[in-house]
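# A closer look at the structure
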Amino acid sequence: MARHRNVRGYNYDEDFEEDDLYGQSVEDDFCISPSTAAQFIYSRRDNKAGCPEPLEEEEYGYEDTEHSNCVSQKLTEIQKAQLESCLDHMREVLGESVPEKVMVEAVLHNKFDVQQALDSVLSQDNKPNLKTKNEDPVLTGKAPKGKDRDSHTARVEPDIVPKVTKMTVSGKKQTTGFEIPGMTVEENGHNAFPPQKGLSSGDANVNVGAAEILPKPVLPSQTVQTFEEPTMAPTPVKRSGKAKQQIDVKAELEKRQGGKHLLNLVVIGHVDAGKSTLMGHLLYLLGNVNKRTMHKYEQESKKAGKASFAYAWVLDETGEERERGVTMDVGMTKFETKTKVITLMDAPGHKDFIPNMITGAAQADVAILVVDASRGEFEAGFETGGQTREHGLLVRSLGVTQLAVAVNKMDQVNWQQERFQEIVNKLGQFLKQAGFKESDVAYIPTSGLGGENLVTRSQSSELTKWYEGKCLLEQIDSFKSPQRSVDKPFRLCVSDVFKDQGSGFCVTGKIDAGYVQVGDRLLAMPPNETCTVKGIALHDEPVDWAAAGDHVSLTLTGMDIIKINVGYIFCCPKEPIKACTRFRARVLIFNIEVPITKGFPVLLHFQTVSEPATIRKLLSVLHKSTGEVTKKKPKCLTKGQNALIELQTQRPIALELYKDFKELGRFMLRYGGSTIAAGVVAEIKE
Ligand code: GDP
């Protein structure tokens, strides 16, 4: 299974043969050059099929043209009104880019059916023309592919928009608390940080650290739902709990999805590496975004002066994300490959949003690491402070073992093999140290903006002369599906809570173990309250059951929504998860500068939990390979050490021993905006 791997250096798992370390840096002397941005230019070409005559340059008012005049004179008043209304609608989608005359003709030709009129306009030559800086034949070589797709997607196109769910991150949305009497934040040492939350100015490290460590406000209100589309709310399945049948989950799982395996994929990498553009374009080429929607994004992004972000907008849904041009929340959507159904999570690359990225990565089976091949940019992401390393370490520590590295923006370096190889060598060395097996890492040269080598192998000679490997989609398809712990008791860690229209409320999250059926009773921990599952939705479809590995929405009744928070665990009442405020753990210290001492305040991250905690005791230093105690009660812990420590949280959290449930027994510790350690739960105290 994907998550069965232990933190590097621990001796729990036979899988750990190598004795290299997490967090060990590769010394490199890089220089940073200014970034170069690609241009996204919409080609306003004449619409050949729909409008054979040359078009007037500026004024497209249909009354002004001779042709339209004679057309409009033939229309009845009602038809004129219909025409106006259709044109209004088309202008909303197409903006100024299509001459009015073409639109009028399309409307009349399609007998006032605005959808078909739009389709006919869009299926003609007005397709997005993505120009990168250098008019590379590699990029132009992709055009026929796009056309192939387009011709076959020119069927009836309702608005096809990938459903992007925003995964709530507990650090932001957790609002209620279980205060431990007599224990204040100050006692925990959390006031050691300036009380400010800054996202833009100054040292991001310091500011984010402060924001993370500060106690969360205890508000009466509940977590706010963050679904972008109302349709995302699962339809509750009306079914009586009594009629519940026992199912053979393993057999059902085999049958489901036409035999396709489910795979949770997270996209990680330094900010601006092109993650959103790459995945947005992939979704577009797969037909998950139709031309009309894409056109709308182009128009909107152009208006906002961010034309090059059009594809990124497919996944970056919120106004603020678009405004800032960065992904903040974890966008989730679904697509299919030949053998798999993929739940895609687009994690933010910006340092400010690492906690959000951890949430995404915690739910992933496999990852795509996107790096920017441009000179200076790869180096900026890779050196200390860049997110390439931190993300790589984080996903590995969170149990991801298979990785595809998209060496992106290859158009910026003229698809040079030497540059590709240079990046592969540097990253390869680092990823090995981070604990990835060489055979589990694949490198794919891509251009997210140009759409090159994404869903089909590139035909361009510039690439084919030295690259014969897979395209990105083929690589995703060839990831091994992890084993699901369906035999274990049910566990689901809440990533979002929201009120549905009907009775009850909904929680979303990935099922870590076991399975759930409509009508089941579940126990929520830490509140220790039970409820009934009224409905289950998987990828927005109502289903009767769901099992380990599935990202689901559960509609629950018999419990007050106010009691449930992001990070809580729903479990089987007969074999419940434990809740505690004190536990012992084996940790591996990352590349830290200041040694860790007793009383050290940290932010504990696991699954979707992000909770202030204190290192209560330093129990022993352990040998990296054997796990034997080399020193008892050390005064401090330094980089690269393995140690047994005791952690104290402010509020109860539900977790498991690593040996019982790997997914729920592994965590990260962060301090001052950096990840300082990865750990596994060894003993639960109280
Ligand atoms: P993210 O922060 O990693 O999600 O990056 P974005 O997808 O928002 O992209 C950042 C910028 O890089 C945008 O201006 C993109 O248009 C640009 N970009 C993304 N992919 C490519 C590519 O393959 N080639 C070029 N030239 N630019 C790209």
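Owing to the predicted nature of the structure, the values given are computational and were not obtained by experimental measurement.

## Points about the side chain of K275
In this fold, K275 is placed in helix α10 (residues 275-285). Under the relative-accessibility criterion, K275 is labelled buried at 6%. There is a polar contact of 3.0 Å between the side chain of K275 and the backbone oxygen of G269.

## Remarks on the pattern of salt bridges
For the structure on display, the rule yields 18 salt bridges. We note a salt bridge from E422 to K426, for which the minimum N-O separation is 3.2 Å. Residue E422 and its partner K426 are both found in helix α17 (residues 417-434); the two are separated by four residues, about one turn of the helix. For K426, a relative accessible area of 16% gives the class buried.

## Section: α10
Note on helix geometry: an α-helix contains 3.6 residues per turn, so any two residues three or four positions apart are oriented the same way. The buried fraction of α10 amounts to 11 of the 11 residues, a majority that puts the element mostly inside the structure. Listing the buried residues of α10 in full gives K275, S276, T277, L278, M279, G280, H281, L282, L283, Y284 and L285. Positive phi appears at G287, one or two residues downstream of α10, with a value of about 85°.

## What to know about the environment of L83
Within the secondary structure, L83 sits in helix α2 (residues 77-94). Linking L83 and D113, residues 30 residues apart in sequence, is a C-alpha distance of 9.7 Å.

## Some thoughts on the environment of I268
Relative to the helices and strands, I268 is located in strand β2 (residues 261-268). Judged by relative accessible area, I268 falls into the buried class, the value being 0%. Sequence separation between I268 and A361 is 93 residues, and the spatial gap between their C-alpha atoms is 8.4 Å.

## Focus: the pairing of strand β19 (residues 601-606)
Most of β19 is tucked away, with six of its six residues classed as buried. What you see with β19 is no split at all: P601, L603 and H605 on one side and V602, L604 and F606 on the other are buried throughout. Sheet topology places β19 next to strand β20 (residues 609-622); six bridges connect them, and they run antiparallel. Within β20, the position partnered with H605 by the bridge is S610. Hairpin connection, β19 to β20: the antiparallel pair is bridged by two residues, and Q607 has positive phi, about 45°.

About the criteria used
- Residues numbered from 1 in each chain as written.
- Predicted model: local features only at pLDDT ≥ 70, side-chain atom pairs only at ≥ 80, totals over all residues.
- Heavy atoms only, no water.
- Helix = DSSP H or I, 4+ residues; strand = E, 2+ residues; numbered from the N terminus.
- Buried < 20%, exposed > 50% of the residue type's maximum accessible area, 1.4 Å probe, protein only.
- Polar contact = N/O pair within 3.5 Å; in protein donor to acceptor, adjacent residues only side chain to side chain.
- Salt bridge = Lys/Arg side-chain N within 4 Å of Asp/Glu carboxyl O.
- Pairing = 2+ DSSP bridges.

All we've got here are geometric facts, nothing functional implied.
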